[in-house]
Amino acid sequence: MLLGLLLLTLLVVVPLLMVLLHSLFPDDTFDALAPLKVLSDPGLITIFWNSIALGGWVVLGSTLLALPMAFLSARTSIGRHAWLDVVLIIPFMTPPYIGSMGWILFMQRRGFAEQMFPAVAWITPHFFSLLGMVAIMSLHLFPFLYLILRNALMRIGGSLEEAGSVHGGNMFYLLRRVILPLLLGSYAMGALLVFVKTIAEFGTPATFGRQIGYYVLTSEIHRFTSSWPIDFGKATSLASILLGACLLFWYIQNVISQKYQYKTLGGKGMRTRLIPLHGWRSIFGWGYIGLLLLFSIGIPYFSIIVTSMQKLRGDGLAWSNLSLEHYVELLRPGSKGWQALINSMGLASIAATVAVLIGTFLVLQMGNLKRWSQRSLDMFSLLPNTVPGIVIVVGLILLWNAPWMPIPIYNTYAMVVLTYIVFFLPYSVQYVKASAGQIDHSLLQAGRVFGGQSFYIFRRIILPLLIPGILAGWMMTFTISARELVASLMVLPPSMQVTATYIFSQFEQGEVSLGMAMAVVSVGLTTLVLVVMNHLGADRK
Amino acid sequence: MNAMKNKVMKFVSWQWSLVMLLTLSSVLTACGSNNGGNNNRTNPIVTEKPAITQSNEQSDNKESAKAPSGKVVVYTAGPEGLAAKIKEGFEAKYGITVEQFDGTTGKVLGRLEAEKSNPIADVVIVASWPTAMSMKADGWVQGYAEVENADKLQAGWVDSDYHLFGYSASALGITYNTKLVTEVPTDWSDLTDAKWNGLVNIPDPSLSGSALDFISGYLNDKGDNNWTLFEELKANGVAMAGANKEALDPVITGAKSAVMAGVDYMAYSAKAKGEPVDIVYPESGTVINPRAAMIMKTSPNVENARLFIDYLLSDEAQALVTGAYLLPGRADIKAENRTNTEDIKLLNYDWNWMSEQGETISAQFLELFK
């Protein structure tokens, strides 16, 4: 227990405290109001509001996209198509900076859209606005909300609604008094996560936002920490503000979901009424799904794949302009891209393995969450999910590169692994916790009755039951680490690139086509890992 | 029942603590030693050996960590292809491992600043001469008077006490898309014309050292902090767009028609590839900015760093420089694939003034264009 707390304190809490501390000592003198003073700069307060407004719009956008989809999948015959769930994860798994690059290449002047349909030229310039940015980010984040809403809708089950209609409620009454209140708790959680992910997002603001002049906290923090003139004081102040905002919204979400928490799972069997779709309803439903897939996957991936195969960027769309030369260059053993790929895979598997071990260890220590120490374990381990990645990285750098730090891991591979672990610990904790929560105590008692020793019970009962969660956590951590950008940009040692930084630096100073080829390869590889692991029996999310 | 469960948990957690500690420590040391192995190749022979024997060497090396290490850490601002070739060439010639960080001038400076308390870089190359001068003024770098071939450098491309070595240079011009531009602009002010509205990019001076040099050089030439041109450009929809490549790429694809104050070597190499772009140097003159290589004052591997500087000025590396469409640093070497130094008209500017004003100008420019 103590070890767990110690570990988390070192990994998560201290770095965040370093950020706060640093922002309170702008010129080596204590100033409790320093972070707030930064906000008195009119330029920076605009940036703060930009972040908040963006978060709000994206929550709205992804709700509009996710709600109908969740309804179609939970309540109609469309839900029987299990492949949809896998496909709908793809947008969320696409690194945002690549997705938005795809959109830019598609919509820009003389981009792919104008080359295919010259008539759209009047509308494409309007895409380069806040609206476009919200659209790109909503299309990236909606799967998240969709999964949460769908699961909630499925849990509500038909019986509660039937009970409602037996007592004479009409459809709107049911919607208002039964379904919506039951959904609200889950929705609050999903919306908050979308909000936090939006204001913590770096990729889209760095690519699309910069083009339209929409600057947010994350892009400014990155600017202050990595380009001339460097200002760690301002960066940490902004980071503290970002941290504060996230924690505040987290608290609000907690209040809402506690107020609207109901036990919808009973011991009785559940019947969910699936509405069969026929005729125009079917056309409508499938039409919606088609459009959603077109916008969230079709367009960005079209741009990405075409760009990765272009011989000459200046020659646009033409069959004669396509070749696989960039893939050949990329996959040539020994090339920079190849090394980046190997690095990514290696780092991601080490990070995922360690994160899952720590995660399992923590979950076992959390037990029943009754004592404060167990609850704080839970809270700290989920903290990295609530705090923007860029804030954590700043903290980790401040901590591990401090002159008094005895463990010299800064500027080594270990630092990258450590950062990934801290970043994605919440995923392993959540997945393992979900598995652990399903183990009934009676199983352990049964083991005891038949004379099993503690270790025997752990080995033969607990561990096997935890395996699906552990696998799912590993898979998730692996996939996301392999595509991680912010941390990689800031903590990678010299001479080392991973796929994400390779792609980013190709956009910045090299060959865009080569970068896109890398995007295709790395997304493809990680998706392959997902599919294989899924096949091996990990839980379907 | 609860008591029993607690007991299970206790046992389990004890088990896990042990497992965790073991795995964590083994993973960390594995990473550490792996990296240490790369760092500590004491002699060229090690690099020649097959990978399997290397692990033994590593443990040997770890014990003699104080011995002079066979590496040099170079932070360099693009172009990436050239940097990679120089690294390869140097490693092949001296058997010293080069650990390289590729970035833009801004990124390199940012990284140095972030690592101020724990410096690891030996050689730093930035794409902006004034920035290098201010680094020297701030006491970041050290001199190397015995450098070979310094006398052959272009006039003014090395400072009087041998801190800064301009081993290559780029000139700034207007790169345009040849499919879209029929009337080629002849001077900077042409871009303020209404027909260019919304069609021009300029690199972000906080990310591109060369763009900053152009802006400060231009202001220096016009005198009195005359921002009129830039205000008119802003009014004409000129967009600030990342580092050099990010500013150029939309011109290649046709999303924009021209990039102003973009580095010329990128235009030449894109043109050589067959992309529809070309470059023009404006009539009123431009800025040529030598790319400065420096040895950090805190350099842990000074001897290797000096070898690296020597290498940069050698015939071999200068040939790599011209191969990358950059201007060679040495006056006795001519580039055949591009306009040479003496054929480019320059604005009237003073590096000292630019170096002093650089930071203010960058901030002011960002404020204007953001």
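Residues numbered from 1 in each chain as written. Chains lettered and ligands numbered in written order. Predicted model: local features only at pLDDT ≥ 70, side-chain atom pairs only at ≥ 80, totals over all residues. Heavy atoms only, no water.

(A) Geometry of the overall build of chain A. If you tally the helices and strands in chain A, you get 23 helices and zero strands. Computed over its C-alpha atoms, the radius of gyration of chain A comes to 24 Å, within 12% of the 24 Å expected for a compact globule of 541 residues. Dimensions of chain A along its principal axes, counting C-alpha atoms only, are 65 × 65 × 50 Å. Restricting to contacts in chain A with at least 6 residues of sequence separation, those with at least 24 account for 78%. As presented, chain A carries roughly 22,900 Å² of accessible surface, and 69% of it is formed by carbon and sulfur atoms. Charge-centre separation for chain A: the mean point of 33 positive side chains lies 15 Å from the mean point of 20 negative side chains. (Helix = DSSP H or I, 4+ residues; strand = E, 2+ residues; numbered from the N terminus. Rg over C-alpha atoms; globule rule 2.2 N^0.38 Å. Contact = heavy atoms within 4.5 Å. Areas by Shrake-Rupley, 256 points an atom, 1.4 Å probe, with all protein chains shown as cover. Lys, Arg positive; Asp, Glu negative; His and termini not counted. Charge placed at Lys NZ, Arg CZ, Asp CG, Glu CD.)

(B) Up close: the side chain of B:Gln154. Tracing the backbone through its elements, the reader meets B:Gln154 in the loop between β4 (141-142) and β5 (165-177). A distance of 3.4 Å separates the side chain of B:Gln154 from the side chain of B:Thr341, its partner in a polar contact. (Polar contact = N/O pair within 3.5 Å; in protein donor to acceptor, adjacent residues only side chain to side chain.)

(C) Summary view of the interface of chain A and chain B. Counting from both sides, the interface comprises 65 residues of chain A and, opposite them, 69 residues of chain B. Here chain A meets chain B over a buried area of about 6,200 Å², counting both sides, of which 59% is carbon and sulfur. For the pair chain A and chain B, the interface holds seven salt bridges. Inspection of the chain A/chain B interface yields 16 residue pairs in polar contact (both at pLDDT 80 or more). Only α1 (2-24), α11 (217-226), α15 (336-366), α18 (413-437), α19 (441-449), α20 (454-482) and α22 (499-509) of chain A provide two or more residues apiece to the side of chain A that touches chain B. Residue contributions to the side of chain A that touches chain B peak at nine residues, all from α15(A). Here the residues of the side of chain A that touches chain B sort into 31 nonpolar, 22 polar and twelve charged. (Buried area = accessible area lost by both parts, 1.4 Å probe. Salt bridge = Lys/Arg side-chain N within 4 Å of Asp/Glu carboxyl O. Nonpolar A, V, L, I, M, F, W, Y, C, P; charged D, E, K, R; others polar.)

(D) Representation of the nonpolar core in the model. A:Leu362, B:Val72, B:Val124, B:Tyr167, B:Phe214, B:Phe230 and B:Phe308 are the most contacted members of the largest nonpolar core, which totals 279 residues. Filtering out sequence-adjacent residues up to four positions away, B:Tyr167 remains in contact with B:Leu82, B:Ile86, B:Ile125, B:Arg291, B:Ala293, B:Leu312, B:Leu313, B:Gln318, B:Val321, B:Pro328 and B:Gly329. Formed by five residues, the second largest nonpolar core is a distinct cluster that contains A:Ala348, A:Ala352, A:Phe478 and A:Ala482. (Core = buried A, V, L, I, M, F, W, Y, C linked by side-chain atoms within 4.5 Å. Buried < 20%, exposed > 50% of the residue type's maximum accessible area, 1.4 Å probe, protein only.)

(E) How the structure looks around the pairing of strand β10 (residues 288-296) of chain B. Residues and elements named next belong to chain B. Of all the nine residues making up β10, nine are buried; the element is thus mostly covered by neighbouring parts of the structure. Going residue by residue along β10, you find Ile288, Pro290, Ala292, Met294 and Met296 tucked away on one face and Asn289, Arg291, Ala293 and Ile295 tucked away on the opposite face as well. Judged from the four bridges that link them, strand β3 (residues 123-126) and β10 form a sheet pairing that is antiparallel. Opposite Val123, over in β10, you have Ile295 as the bridge partner. (Pairing = 2+ DSSP bridges.)

(F) A look at the packing of aromatic side chains. A complete count under the given rule lists 28 aromatic pairs over all chains for this structure. An aromatic cluster is built from B:Trp188, B:Phe214, B:Tyr218, B:Trp227, B:Phe230, B:Phe365 and B:Phe369, whose rings are joined through pairwise contacts. The aromatic ring of B:Phe101 is capped on one face by B:Arg111, whose charged end is 4.6 Å from the ring centroid. The ring of A:Tyr215 has B:Lys370 sitting right over it, with the charged end atom 4.6 Å from the ring centre. (Phe/Tyr/Trp six-rings, centres within 6.5 Å; stacked < 30°, edge-to-face > 60°. Lys NZ or Arg CZ within 6 Å of the ring centre and 35° of its normal.)

(G) Inspection of empty space enclosed by the protein at higher detail. Residue and element names in this part refer to chain A. Here the structure, examined in full by the defined rule, presents ten cavities of 30 Å³ or more. Roughly 670 Å³ of internal volume is contained in the largest cavity. Looking at the largest cavity, it is lined by 29 residues, and the ones nearest its centre are Lys197, Glu201, Phe424, Ile480 and Glu484. Listing elements by their share of the lining of the largest cavity, those giving two or more residues are α4 (83-93), α5 (96-107), α8 (130-166), α9 (171-200), α16 (372-386), α17 (389-400) and α18. When its volume is computed, the second largest cavity comes out at roughly 210 Å³. (1 Å grid on protein atoms, 1.4 Å probe; cavity = no way out; pocket = protein on both sides within 12 Å on 5 of 7 lines; lining within 4 Å. Points joined across faces, edges and corners; volume = space filled by probe spheres on them.)

(H) Here's a closer look at unusual backbone geometry. With a phi close to 60°, A:Arg110 is a non-glycine residue in the positive phi region. Note on placement: A:Arg110 falls in the loop between α5 and α6 (112-116). Taking relative accessible area as the criterion, A:Arg110 reaches 35% and is therefore assigned partly exposed. Positioned with a positive phi, B:Ala261 is a non-glycine residue whose angle comes to about 60°. By relative accessible area, B:Ala261 is classed as buried at 0%.

(I) Just α15(A), in detail. If you check α15(A), its first and last C-alpha atoms are 44 Å apart, about what 31 residues at 1.5 Å a residue would give, namely 45 Å. Of all 31 residues making up α15(A), 23 are buried, and the element is well covered by its neighbours. (Expected span 1.5 Å × (residues − 1).)

(J) Focus on the confidence of the model for chain B. Residues and elements named next belong to chain B. On average, residues of chain B score 82 in pLDDT, and 81% of them reach the 70 mark or higher. Long-range and interchain partners of residues 1-5, a stretch whose pLDDT sits below 50, account for nine contacts in this model, where long-range means more than four residues apart. Here residues 7-68 is modelled with pLDDT under 50, and outside its nearest four sequence neighbours on either side it reaches 62 contacts, counting other chains as well. Taken together, the chains of this predicted complex give a pTM of 0.82 and an interface ipTM of 0.79. (pLDDT = per-residue confidence, 0-100.)

(K) Region of the structure containing the pairing of strand β1 (residues 71-77) of chain B. All names here are of chain B. For β1, a buried count of seven out of seven residues is recorded, marking the element as mostly surrounded by other parts of the structure. Covered by surrounding structure in β1 are Lys71, Val73, Tyr75 and Ala77 together with Val72, Val74 and Thr76, the residues of both alternating faces. Bridge analysis of β1 against strand β2 (residues 97-103) gives seven bridges, and the strand direction is parallel. Looking at β2, one finds that Thr76 is bridged to Asp102. This β-α-β element, β1 to helix α4 (residues 80-94) to β2, shows right-handed connectivity. Summarising the sheet, β1 and β3 pair through three bridges and their orientation is parallel. Bridge pairing in β3 places Thr76 opposite Ile125. (Right-handed = clockwise from strand over helix to strand, strands pointing away.)

(L) Here's a closer look at the packing of helix α3 (residues 42-75) of chain A against helix α13 (residues 279-308) of chain A. Residue and element names in this part refer to chain A. Between α3 and α13, the least distance of the axes is 11 Å, while the angle of their chain directions is 135°. In terms of their interaxial angle, α3 and α13 are classed as oblique. The way α3 lies across α13 gives a crossing that is left-handed. Within the contact between the two elements, α3 uses Leu64, Leu65, Pro68, Met69 and Leu72 and α13 uses Gly285, Tyr288, Ile289 and Leu292. Split into classes, the residues belonging to the contact of α3 with α13 amount to eight nonpolar, one polar and no charged. (Axes fitted to C-alpha atoms, helices over the stretch in contact; angles between N-to-C directions. Parallel < 35°, antiparallel > 145°, perpendicular 65-115°, else oblique. Left-handed = near helix turned anticlockwise from the far one by under 90°.)

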